[in-house]
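Summary of the model geometry
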Amino acid sequence: MDRTKKSAALLCRALLLFPVILTVLPLFLIFVNSFMEHNEAALTYGGILDGSGFSSFVLMPASPSLSPYADLFLYCRDFYTAFWNSVTYTALIVTGQIVAAVPAAWAFAKLCLPLKKTIFTIYMVFMMLPFQVTMLSNYFMLDRTGLFNTRWAFILPCIFSTFPVFVMTRFFGDLPDELIEAARIDGAGSFQIFWQIGIPIGKSGITAVTVLQVLEIWNTVEQPLFFIREPALFPLALFFPTLTADTFGSSFAAAIVMMLPPLLIFLYGRQELEAGISHIGIEK
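Report on the accompanying structure.

1. A short note on the packing of aromatic side chains
Aromatic ring pairs are defined here through the distance separating the ring centres and the angle between the ring planes. On inspection of all chains with the given rule, the structure shows 21 aromatic pairs. Each member of the aromatic cluster is reached from another via a ring pair, and the members are Phe 73, Phe 79, Tyr 80, Phe 83, Trp 84, Trp 218 and Phe 239.

Here's what the structure looks like:
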């Protein structure tokens, strides 16, 4: 019986380990291949770019080197442009989302407004709509206002996202009404209650939304691909489709560098993110 239990436990661990390997293996390959020299990378993966569609499978480069990182940082100017574009887009969009979403969520959660439930339901409907459904209407609006193919064509539609409003409404909704009534009795106004009570209590929710939205905006491809035509305005997510056989050796190094900012943001706000996700009842 003990041998049967041990065999079952080993089988269970093997079944659990298999998806872990499938998840970690691509990241491992990106990391080790980021030290692969250009000639070896072109020989190994060049078939993907020249149309033959064949590539080799290499776990470790034959001659590990830092030359891909040197080529990326010293000779690839487009990478710097795309990197700082991504930093600018992410900072402006996430800041705008927080500025717009937090007061809106407070209004939905704690203010008595006409048609509040109806408007909130419309918000939720828009949250469930994929980008493909609204991209044409956004295109016409941006084209008529002269914002198409500018930085604001990507920034403005993303600022008014409904997901941060949904998350923060759940946070503010759990705030006891008795606490707000007590503050009103003490003479606090609506803005004072929001600023001195709502914001501090919802700090973990704001941090969770910030981390989630940084991860989303940093890796967004469809919106800038559809609304921006100027290569100088491309974010880092659109840098990789512009790679050619001449720059393929540095693509893995660029992928590693691209992963670092959202990884650091995630590690910094991990506790608040976990608390926020458990608070709103979303399973990880």
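2. Thoughts on the packing of helix 4 (residues 77-110) against helix 8 (residues 163-173)
It is the contact of helix 4 with helix 8, at a shortest axis distance of 8 Å, that shows an interaxial angle of 45 degrees. The angle between the axes of helix 4 and helix 8 places the two elements in the oblique class. With respect to the hand of their crossing, helix 4 and helix 8 are arranged in right-handed fashion. The segment helix 4 lies against helix 8, with Gln 97, Ala 101, Val 102, Ala 104, Ala 105, Trp 106, Phe 108, Ala 109 and Lys 110 engaging Pro 164, Val 165, Met 168, Thr 169, Phe 172 and Gly 173. Here the contact of helix 4 with helix 8 is built from residues that sort into eleven nonpolar, three polar and one charged.

3. A short note on the packing of helix 4 against helix 7 (residues 151-159)
Across the interface, helix 4 lies against helix 7 with an axial gap of 8 Å and an inter-helix angle of 30 degrees. For the element pair helix 4 / helix 7, the angle class is roughly parallel. Crossing of helix 4 over helix 7 shows right-handed handedness. On helix 7, the residues that touch Asn 85, Tyr 89, Leu 92, Ile 93, Gly 96 and Gln 97 of helix 4 are Arg 151, Phe 154, Ile 155, Cys 158 and Ile 159. Grouping the constituent residues of the contact of helix 4 with helix 7 by class yields seven nonpolar, three polar and one charged.

Basis of the calculations
- Residues numbered from 1 in each chain as written.
- Predicted model: local features only at pLDDT ≥ 70, side-chain atom pairs only at ≥ 80, totals over all residues.
- Heavy atoms only, no water.
- Phe/Tyr/Trp six-rings, centres within 6.5 Å; stacked < 30°, edge-to-face > 60°.
- Axes fitted to C-alpha atoms, helices over the stretch in contact; angles between N-to-C directions.
- Helix = DSSP H or I, 4+ residues; strand = E, 2+ residues; numbered from the N terminus.
- Parallel < 35°, antiparallel > 145°, perpendicular 65-115°, else oblique.
- Left-handed = near helix turned anticlockwise from the far one by under 90°.
- Contact = heavy atoms within 4.5 Å.
- Nonpolar A, V, L, I, M, F, W, Y, C, P; charged D, E, K, R; others polar.

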